[in-house]
Every structure is written in structure tokens, then in C-alpha cells.
Amino acid sequence: MQLSRRTLLAAGGATVSGVLTAGAARAAEPDHRARSADEEVDGLLARAETLLTGGAFDPSDPDFAAGVAALDTTARGLWDALDRSAGRTALWADLAPLTAPGNFGQSYTRLRTLATAWATPGTSLSGDAEAAGALVSALRFTHDTAYHPGARESGNWWFWEIGAPRALMDCCVLLRGRLPAGDLADYLTVVDRFCPDADRRTNSPTLAETGANRSDKAVIVALRGLLGKDAAKVASARDALSDVRDAGRNSLFRYTSSGDGFYEDGSFVQHGVVAYTGSYGTVLLGGAAYLLSLLAGSPWAVTDPRVSVMYDAVERSFAPVIFDGLMMDAVRGRAVSRERAGDHRDGTTAVAAILLLASGAPADRAARWRALAKGWLTRNRTTPFAALATLPQIALAKAVLDDPAVPAGARTTGSFVFADMDRVVHRRPGWACALSLSSRRISAYEAGNGENLHGWYTGDGMTYLYDGDGLGQYNDGFWPTVDPYRLPGTTVDTRERADLGTGDGTSTYRPANAVAGGAVLDGRHTAAAMEVTGAPGSTLRARKSWFLLDDAVVALGAGITASDGRTVETVVENRNLGADGHGRLLVDGVPRPAGRGRTDRSGRAGWAHLEGAGGYVFPGPTPLHVLREQRTGTWRAINIGADTGGSTDPVSRHYVTLWVDHGISPTDAGYAYVMLPGASAAATAVWSRSQPVRIVANDATAQAVEDRRTGLTAVHFWGAGSAAGITASGPASVLVRRRGARVSVAVADPGRTQTAVSVELPFRVRSSAASDGTVTLTPGARPVLTVAVGGSRGHTHRAELVR
């Protein structure tokens with residue numbers, strides 16, 4: 001128990017939250033500057049250890065006991081399988097040969113798990129001398145065999161420059177009282193070889209690191225500097241966050257207008273063209289929060305005032321895409337194919353990173369974030385936070401949950417168009433809808449390194465529906481079992497596709513279309529659109545719009561054309577009913593279909609209702625196809641990655657699929673349907689009869705709806721034309737709402753093809769009460785708004801008018 005006792009003394013008996021709060025405050029202590037450099041370093045290393053173990057806590061505390069048990073179970077399994085023989089050729093039989101990058105990378109990760117268990121009170125390995133000796137020996141063996149300065153990078157660079165060195169440095173932090181000085185020196189040397197700084201890619205020195213990769217490397221370099229008592233290294237890690245080397249060009253504390261990083265509209269992009277808030281964005285946030293907390297109160301504390309960009313990201317970038325603690329799959333990229341990293345787990349990581357960032361943030365921001373987090377933590381009863389969290393993460397969450405002064409924040413509501421990453425998120429009190437779009441700017445999918453092999457249509461307008469009463473839709477075996485050719489919301493042809501990138505490195509596909517995005521009015525309603533252009537080998541073209549309202553999502557399609565001799569379909573819904581398959585489906589009040597595995601066709605469907613999901617209304621009689629089936633797949637079929645590959649165990653789930661068949665090689669086909677999330681069957685039938693939202697246009701020129709209840713008219717113009725009395729001079733998304741003498745207008749050019757767009761309204765306007773500087777009003781009986789959309793990157797322009 002030597003190490004846990006040392007941890008207790010170094011941490012002052014506190015958990016992660018307490019240690020970080022104390023560390024942040026220490027800068028104000030009168031004798032702070034009197035501390036020696038060694039004392040500073042030792043204190044920060046103790047803090048780094050606490051960030052790995054959770055610090056000193058009572059293992060019998062029920063809030064921690066489950067986490068301790070989970071860690072112990074994992075570590076004990078690794079310990080029992082660890083080859084400790086003198087003639088070993090690998091540490092674990094399934095990670096041979098050790099010289100393969102994925103194998104030594106994962107070996108270090110497993111060693112870190114063992115070292116964490118050894119350093120954590122309550123586990124069966126805690127303070128065990130044999131375990132400590134075996135860990136020291138295993139690190140030496142891995143260094144001598146595979147990961148040493150003389151080795152040459154091969155395969156995936158990430159294992160060499162991020163994965164292995166981070167796990168190695170963490171092991172050194174935990175075992176620093178046991179490591180021979182010569183061993184530590186060797187490990188610092190190998191890190192200097194493969195991750196000498198956070199500014200450049202080692203295997204490509206002209207390539208500047210950006211986004212999550214930069215934050216990952218900054219953490220590695222900081223730990224290397226502390227372990228080697230090298231103040232310059234620690235300072236370089238801190239400076240890398242701000243990119244001092246290149247005058248802030250790749251700073252993590254700046255908004256970007258292209259490429260990787262955070263955008264002012266809340267978007268986050270990695271790999272240049274991929275919407276990645278929920279994966280790489282979370283890694284970046286976590287890495288930055290780690291360093292801000294680790295270095296707080298020390299001579300190397302982060303003092304860049306632009307850190308406010310990171311603070312802004314919590315509410316601007318992350319809160320809209322976290323739903324009751326889960327992370328929306330629309331912003332998780334190829335991570336959706338990872339069996340061990342579902343939406344709940346990535347959500348857990350993001351929530352923990354936000355709480356860690358809150359430990360040193362300004363008080364007003366920290367208070368808001370803790371309230372948000374408490375709401376997320378308390379509402380997620382499907383997969384509770386503690387079931388997925390590490391002990392340090394549990395410590396952070398417990399501090400919030402146990403504090404009666406922190407209220408449980410309500411769900412985020414509002415409508416969000418993330419124009420810079422082609423994503424739309426619509427949040428209502430009981431449900432949320434996310435649209436995954438793509439264009440020549442943002443990829444339709446990312447694959448590679450053996451991941452996301454069937455992600456072909458995930459960026460073609462896939463529509464995710466989240467219900468607060470059931471959070472398991474996409475986390476419960478969805479990705480290995482869903483029909484990847486029938487993702488909800490997409491219009492696709494039925495050609496057979498080959499697996500995506502199975503080699504090293506990542507690959508992305510950007511379609512040729514310009515239009516993807518839309519306009520948002522008053523943060524409440526959105527008109528969104530995407531032009532679908534089939535991938536190479538397909539002539540499919542389709543013009544798709546979505547109108548996101550208070551209680552409904554109206555989906556319209558027009559101009560659906562193809563000439564490949566294949567059937568084209570639009571998928572209204574493909575709902576995961578779980579392993580038991582419950583969920584009654586009604587079509588026009590009649591239970592359907594009669595048997596599993598059977599496709600039914602209704603020639604004139606007016607409405608449908610699926611238990612646990614809501615209602616679907618078809619404004620015009622629609623030939624609706626319905627399939628109830630059980631599907632079986634494996635995670636291995638969609639992910640064969642070196643460290644993320646899934647199992648070959650069969651997974652079976654039941655589905656209900658609704659789709660419209662446009663026939664073989666359709667010409668100018670279309671569709672129209674309304675989703676009513678959470679609505680009852682009775683409410684759906686009433687909507688079908690009353691039609692409170694009227695579709696007034698659905699063709700290749702314009703798609704438009706009118707909501708008579710709110711006075712809202714929303715149009716997407718594909719070109720110059722008129723619809724619902726509104727005329728536009730060119731392509732644009734337009735929303736107009738009349739309330740008495742006031743008129744609210746929102747306009748965007750999601751195709752980014754125009755310099756200016758003129759919008760003529762069908763009623764008199766006397767003046768402008770307020771408007772963006774890009775909007776000019778010509779009042780009169782047929783008023784005209786001239787909107788300078790050029791250079792606005794598809795963002796919304798607003799005006800408040802007086803009638």
C-alpha cells in the first residue's frame with residue numbers, strides 16, 4: 001500500500017475535484033514563489049497521479065465501490081493473462097508480435113490499466129510488490145523489443161507519436177517511485193524521439209499538429225517534462241496550446257474559419273473536413289482541461305486570455321450535441337463503429353472533461369456547467385454515468401451530485417445550424433433531432449484504419465431522433481445490426497457497396513454538391529436542405545429539405561432522378577426495437593405488418609405510429625413499405641481496427657423500417673412526410689386530419705411549409721423563384737414569422753454560391769426595427785430585403801421588421 005499512502009499524503013486526502021481546486025488556488029499563496037523547482041515538479045506529478053487514480057477516497061463508498069470493482073476485474077484479467085516468463089516474446093498472446101505498432105500501443109495501454117489498479121486503493125493489486133516488479137519488467141521488455149529510439153515508424157503513426165508515449169508516460173507517473181533511474185531515462189529518450197514537441201508531426205516535420213492531436217501531444221510533452229524535471233519541456237507543452245511557435249496559427253484557443261478546430265458557430269472539425277465534436281473535439285477538450293488543471297498555480301500555468309474560446313465551446317459546441325449525457329452520433333465520425341465507445345461512453349468522457357475544465361474556470365461559467373452536468377447525470381437512467389466512468393471521473397461527478405447548491409439543469413432547447421460542419425440539431429423539451437449532411441466542404445463519411453467500413457450513407461441526410469424516455473436507440477447494438485443501406489432520412493439507390501478503407505490511414509469522401517445547411521429563426525425553427533449527389537458509380541440526384549418546428553419535423557424530397565437501372569428509396573424510419581422486438585406499429589390505425597421478416601405495402605398510407613418513437617404523417621396518400629425484421633450482425637463486420645476492432649460475437653436486434661420506393665431509375669420523383677416525435681397514435685391521427693402545417697411547395701425550384709399555429713412560413717429555394725408568396729432572387733433558405741405588427745426574418749445561403757440574395761415579402765412593411773448589418777430593407781407594399789450573403793459561409797442573417 002506504499003503508493004496509495006503517498007498519494008494520500010500528496011493529495012491532502014482529497015479527491016480529484018479537491019486537488020484541482022486547491023491547485024488552482026495555490027497561485028495566490030504568499031510563499032508560492034519560495035517553493036523549489038523540485039517541490040513544484042513533485043507536487044504536479046502527485047496531481048497527475050491523482051488525475052489517473054481519483055486520489056484518496058473510501059473504496060467502500062458505494063459511489064466508488066462499483067468503479068473500483070470494474071477496474072479490479074479488468075486489471076485482474078490482464079494480470080492473469082500477462083506473460084511473465086523469462087522467454088516471452090510478447091506480453092499478451094493476442095498482442096503478438098509485439099513489434100507491430102497496434103500491439104505495442106495496446107500493450108502500453110494495458111500496462112497503464114495494471115499500474116492504475118496497483119496505485120488505487122481497494123483493488124486486489126493495490127500496492128502489491130510482485131505486480132510492481134512485473135510492471136517495471138514489462139515496460140523494460142516493451143522498450144527493448146519494440147518501442148525504442150532505434151525503431152522506425154511503420155503503420156499508423158498515431159501509435160508511435162500519441163498512443164504509446166501517452167500510456168508510457170502515465171505508467172511512469174504511477175510507478176515513478178519504483179522505476180530505476182536508467183529505465184526512466186530510456187523512456188524519456190524514446191518519447192523525445194517520437195514526440196519531441198506538440199507542434200509538429202514527427203514523421204512529417206513540415207506538418208503542423210492541429211486540434212486534438214496537438215492537445216494530446218501537449219499532455220505527453222508536459223508529463224515528459226515533469227518526469228525529467230525539464231522546465232523548458234513543460235513550458236513548451238503549455239505554449240503548444242497557444243501555438244507560440246507559429247504565432248498562434250494553430251492555437252487551440254482561437255476560432256478557425258477553415259480546417260481543424262472550433263468555429264464561432266459551434267462547429268468542430270478535425271482531419272480538415274470531418275464533423276468531429278463528439279470524438280476528436282472531446283479529446284481536445286479533455287486534453288486542454290487536463291493541462292489547465294495539471295499546471296494551475298504553477299510557474300507553467302496557462303495564462304493565455306484566449307482560453308475563453310475553450311470555455312465558450314462548452315455551451316456553444318458541446319451542450320447542443322449532448323442529450324441526457326450521451327453524445328450524438330452525428331458528430332462522432334468513424335467512432336460510431338467502435339464497440340467499446342458508444343454514444344453513452346463518449347458522452348461520459350465529454351461530461352467529465354467539462355467538469356474538469358470547470359475546476360479552474362471563472363465562477364459564473366463553472367456554475368452553469370455544473371448545473372448542465374448535474375442534469376445530464378441525473379436524467380440518464382439507461383446507462384448511468386458511473387457504469388462507464390473511471391474513478392477520477394466518478395470523483396468529479398460525485399462532487400456535483402452531492403452538492404445541494406448545484407441545481408440540475410434543464411435540457412438544452414433550441415435549434416442549431418452548425419453551418420461550418422454541415423450539421424443541424426433541433427432540441428425540444430422531450431426530444432431532439434439531428435441531421436447529418438455533407439457537401440464539397442464537409443465529408444459524407446470518414447473511414448480508414450479498419451474503421452467505419454459501412455458508413456456509406458451516414459452523411460446523406462441521416463436523421464437521428466432522440467427520445468428522453470428511451471436513450472438506447474443508437475447505443476444498443478444499432479450500428480452492427482442496422483441495414484446500412486436504409487439509414488433513416490436518406491435517399492439512396494440500392495447498389496451493393498464495397499467495404500470502405502481497410503488499410504492504414506484515414507480516408508474521407510466529399511460529394512460534389514454545394515448545398516448543405518440552412519437558416520435558423522429566433523433559435524427556435526430551422527429550414528435545412530441538402531442536395532444529394534450520388535457517390536462515384538451512381539447518377540442519383542435528389543433535393544431534400546427539412547423544416548424543424550416546435551413539435552414536428554417536415555421532410556420533403558423533390559427532383560429524385562437516376563439512370564442506373566436500380567431502385568431508389570427514401571427511408572422514413574429504421575427504428576431499433578432492441579433485443580425483444582416490442583413496439584406496436586399502426587398504419588392508418590391498423591397493426592402492421594402481420595409477420596416478422598415480411599414486407600407489407602400500403603398503397604395509400606395517411607399516417608403511421610410506432611410505439612416508443614412517435615407518429616409519421618403522409619400529407620398525400622403515400623405507397624408506404626413496412627418491414628418488421630430481426631437483423632443479426634457483428635461489430636467486427638464494421639470495424640477491424642488494430643485497437644478498436646469489434647468482436648465476432650453475433651448481435652441481434654429487431655427493427656421496424658418504413659420507406660418509400662421511387663422505382664427503378666426514377667425521374668423527378670418526390671416524397672413528403674412529417675415526423676411527430678413522442679406523439680401518441682391518437683394525436684398522430686388528429687394531425688393527419690387537421691394538417692396544421694401545410695406543404696405549399698415541393699419541387700425542384702422550392703420546398704416550403706406554412707405553420708398556421710405560429711404564423712411561420714419556411715422555404716428553401718433551389719434557385720430564383722416564388723413560393724408561399726415569397727420571392728427569392730436565387731438559392732436561399734428563408735424563414736418568415738408574423739406576430740401582430742412584427743415580422744421576423746432569417747435568410748441563409750447554405751450553398752455559399754451567392755454574393756447577395758433579394759427576398760421579396762407578400763405584405764406591407766414600414767420599417768426595420770433591428771437587423772444584421774448585412775441586411776438592407778426597401779419598405780413598401782412588396783418589401784424587399786437585400787442580404788449580403790457573400791463570405792458568410794452559410795450562416796444566418798436576421799431582420800426584425802415592423803408592418
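Computed from a prediction, not measured in an experiment: that's the story for all the values here. Residue indices begin from 1 for each chain and proceed along its sequence in written order. With pLDDT at 70 or above as the cut-off, local features in this predicted model cover only qualifying residues; side-chain atom pairs require 80 or more to be listed or tallied, and sums for whole chains, interfaces and linings still use all residues. With hydrogens and water excluded, all non-hydrogen atoms of the structure serve as input to the side-chain values.

Asks: Can you help me understand the overall build of the protein chain in this one?
Replies: Strands here are runs of E lasting at least two residues and helices are runs of H or I lasting at least four, both read from the DSSP assignment and numbered beginning at the N terminus. Within the protein chain one finds 18 helices and 37 strands. Radius of gyration here uses only the C-alpha atoms, and the compact-globule reference equals 2.2 Å multiplied by the residue count raised to the power 0.38. Relative to its length of 803 residues, the protein chain is compact, with a C-alpha radius of gyration of 28 Å against a globular reference of 28 Å. In terms of overall dimensions, the protein chain has C-alpha extents of about 80 × 60 × 50 Å along its principal axes. Here the contacts in the protein chain between residues at least 6 apart in sequence split such that 69% fall between residues at least 24 apart. Placing the 83 positive and 81 negative side-chain charges of the protein chain at their respective mean positions leaves the two points 5 Å apart. Residues count as neighbours in contact if any of their non-hydrogen atoms are within 4.5 Å of one another. Only four residue types enter the charge count: Lys and Arg as positive, Asp and Glu as negative, with His and the chain ends excluded. Charge coordinates come from a single atom per side chain, which is NZ of Lys, CZ of Arg, CG of Asp or CD of Glu.

Asks: Which parts of the structure should I look at to understand the pattern of salt bridges?
Replies: A side chain of one charge can pair with a side chain of the opposite charge if their charged atoms are brought near each other. By salt bridge we mean one thing: a side-chain nitrogen of Lys or Arg within 4 Å of a carboxyl oxygen of Asp or Glu. Following the criterion strictly, the structure yields 51 salt bridges and no others. A salt bridge links Arg 140 to Asp 144; the nearest nitrogen and oxygen atoms lie 2.9 Å apart. In this pair, Arg 140 and Asp 144 both sit in helix H6 (residues 129-145), four residues apart, roughly one turn of the helix. The exposure class of Asp 144 is partly exposed, given its relative accessible area of 47%. For the salt bridge of Arg 709 with Asp 551, the shortest nitrogen-to-oxygen distance reads 2.9 Å. Linking Arg 709 in the loop between strand S27 (702-707) and strand S28 (712-717) with Asp 551 in the loop between strand S17 (541-548) and strand S18 (553-561), this pair joins segments that are 158 residues apart in sequence. Classification of Arg 709 by relative accessible area gives partly exposed; the value is 44%. Think of it in three bands: residues with accessible area under 20% of the maximum for their type are buried, residues over 50% are exposed, and the middle band is partly exposed, with areas taken using a 1.4 Å probe on protein chains only.

Asks: Even after reading the chapter, I still don't get the environment of Ala 419, so can you show me in this structure?
Replies: Within the fold, Ala 419 resides in the loop between strand S8 (414-418) and strand S9 (423-427). Given a relative accessible area of 5%, Ala 419 falls into the buried group. Considered as a pair, Ala 419 and Thr 189 are 230 residues apart in the sequence and their alpha carbons are 44 Å apart. Residues within four places of Ala 419 in sequence aside, it is in contact with Asp 265, Ser 267, Arg 752, Arg 793, Gly 794 and His 795.

Asks: Which parts of the structure should I look at to understand the sheet that holds strand S29 (residues 721-723)?
Replies: The pairing of strands in a sheet comes from backbone hydrogen bonds and takes either a parallel or an antiparallel form. Ordered in space as S29-S30-S33-S36-S35, the five strands form an open sheet in which the pairing is antiparallel. Strand pairing shows two members of the sheet lacking a second neighbour, S29 and strand S35 (775-778), which therefore form its edges. Adjacent strand axes in the sheet meet at a mean angle of 20° when their direction is disregarded. Note on pairing: DSSP must find at least two bridges between two strands before they are called paired. Two strands pair when backbone bridges link them, and S29 and strand S30 (residues 726-728) are joined in this way by three bridges, in the antiparallel orientation. Counterpart to Gly 721 in the pairing with S30 is Ala 728. Interaxial angles span 0 to 180 degrees and are taken between N-to-C directions of axes, which are lines fitted to C-alpha atoms, for helices over the stretch in contact.

Asks: How do you make sense of the nonpolar core when you look at a structure like this?
Replies: The tendency in soluble globular proteins is for nonpolar side chains to be buried side by side. Here, nonpolar core means buried Ala, Val, Leu, Ile, Met, Phe, Trp, Tyr and Cys residues that are tied together by side-chain atoms lying within 4.5 Å of each other. Ranked by internal contacts, the top residues of the largest apolar core, which has 206 residues, are Leu 111, Leu 114, Leu 168, Met 169 and Met 310. The greatest single-element share of this core, amounting to 12 residues, is contributed by helix H7 (residues 157-175). Residues in contact with Leu 114, not counting those within four places in the same chain, are Ala 75, Leu 78, Trp 79, Leu 82, Trp 92, Leu 125 and Leu 135. In this structure, Ala 732, Val 775, Leu 777 and Val 789 belong to the second largest nonpolar core, which totals 26 residues.

Asks: Please explain unusual backbone geometry as it appears in this structure.
Replies: Glycine aside, the phi torsion of most residues is negative, and most peptide linkages are trans. The omega angle of the peptide bond from Ala 96 to Pro 97 is 0°, so this bond is cis rather than trans. Looking at the element boundaries, Pro 97 is found in the loop between helix H4 (62-81) and helix H5 (101-119). Residues other than glycine seldom take positive phi values, yet Asp 668 does so here, at roughly 55°. Looking at the element boundaries, Asp 668 is found in the loop between strand S24 (651-664) and strand S25 (669-677). Of the residues examined, Asp 668 reaches a relative accessible area of 52% and is grouped as exposed.

Asks: Whenever I open this one, the packing of aromatic side chains confuses me. Can you help?
Replies: Any aromatic ring pair is given by two values, namely how distant the centres are and how the planes are angled relative to each other. We call Phe, Tyr and Trp rings a pair once their centres come within 6.5 Å, taking the six-membered ring for Trp, and we label the pair stacked below 30 degrees between planes, edge-to-face above 60, and tilted otherwise. Counted by the stated rule, this structure contains 24 aromatic pairs. On the basis of an interplanar angle of 45° and a centroid distance of 5.2 Å, the ring pair of Trp 160 and Phe 194 is categorised as tilted. Of this pair, Trp 160 sits in helix H7 while Phe 194 sits in helix H8 (residues 181-194), and the two are 34 residues apart along the sequence. Look at Trp 160 and you get buried, because its relative accessible area is 2%. Phe 194 gets classed as buried once you look at its relative accessible area, which sits at 0%. Ring-pair connections join several aromatic residues into one group, and the members of that group are Phe 323, Tyr 464, Tyr 466, Tyr 474, Phe 478, Trp 479 and Tyr 655. The ring of Trp 79 is capped by Arg 84, whose NZ or CZ atom sits 4.0 Å from the centre of that ring. Whether a charge sits over a ring depends on NZ of Lys or CZ of Arg being within 6 Å of the ring centre and within 35 degrees of the ring normal.

Asks: Just to check I follow, could you spell out the packing of helix H9 (residues 211-227) against helix H10 (residues 231-242) for this structure?
Replies: Any two packed helices are characterised by how steeply their axes cross, that is the angle between the axes, and by the distance between the axes. Where H9 contacts H10, the axes come no closer than 7 Å and their chain directions differ by 165°. In terms of orientation, H9 lies roughly antiparallel with respect to H10. Like other packed secondary-structure pairs, H9 and H10 cross with a definite hand, here left-handed. Of H10, the residues touching H9 (which contributes Arg 214, Ala 218, Val 221, Ala 222, Arg 224, Gly 225 and Leu 226) are Lys 233, Val 234, Ser 236, Ala 237, Ala 240 and Leu 241. Classes in brief: Ala, Val, Leu, Ile, Met, Phe, Trp, Tyr, Cys and Pro nonpolar; Asp, Glu, Lys and Arg charged; the others, Gly included, polar. Within the contact of H9 with H10, the residues separate by chemical class into eight nonpolar, two polar and three charged. The labels follow the angle: roughly parallel below 35 degrees, roughly antiparallel above 145, roughly perpendicular from 65 to 115, and oblique for the rest. Each crossing gets its handedness from the near helix: less than a right angle anticlockwise from the far helix is left-handed, clockwise is right-handed.

Asks: Looking at this model, I keep getting lost on the side chain of Asp 304. Mind explaining?
Replies: The topology assignment puts Asp 304 in the loop between helix H11 (277-294) and helix H12 (308-318). At 2.6 Å, the side chain of Asp 304 forms a polar contact with the side chain of Ser 242. Residues in contact with Asp 304, not counting those within four places in the same chain, are Ser 242 and Phe 253. Under the rule applied, a polar contact is a pair of N or O atoms within 3.5 Å (in protein, one hydrogen donor and one hydrogen acceptor; residues adjacent in sequence only if both atoms are side-chain atoms).

Asks: Would you explain the sheet that holds S9 in this entry?
Replies: Taken in spatial order, the four strands make up an open sheet running S8-S9-S10-S12, and their pairing is antiparallel. Only two strands of the sheet have a single neighbouring strand rather than two, namely S8 and strand S12 (462-467). Here the average twist between neighbouring strands, direction ignored, is 10°. Pairing of S8 with S9 involves five bridges; the strand directions are antiparallel. Within S9, the position partnered with Gly 414 by the bridge is Arg 427.

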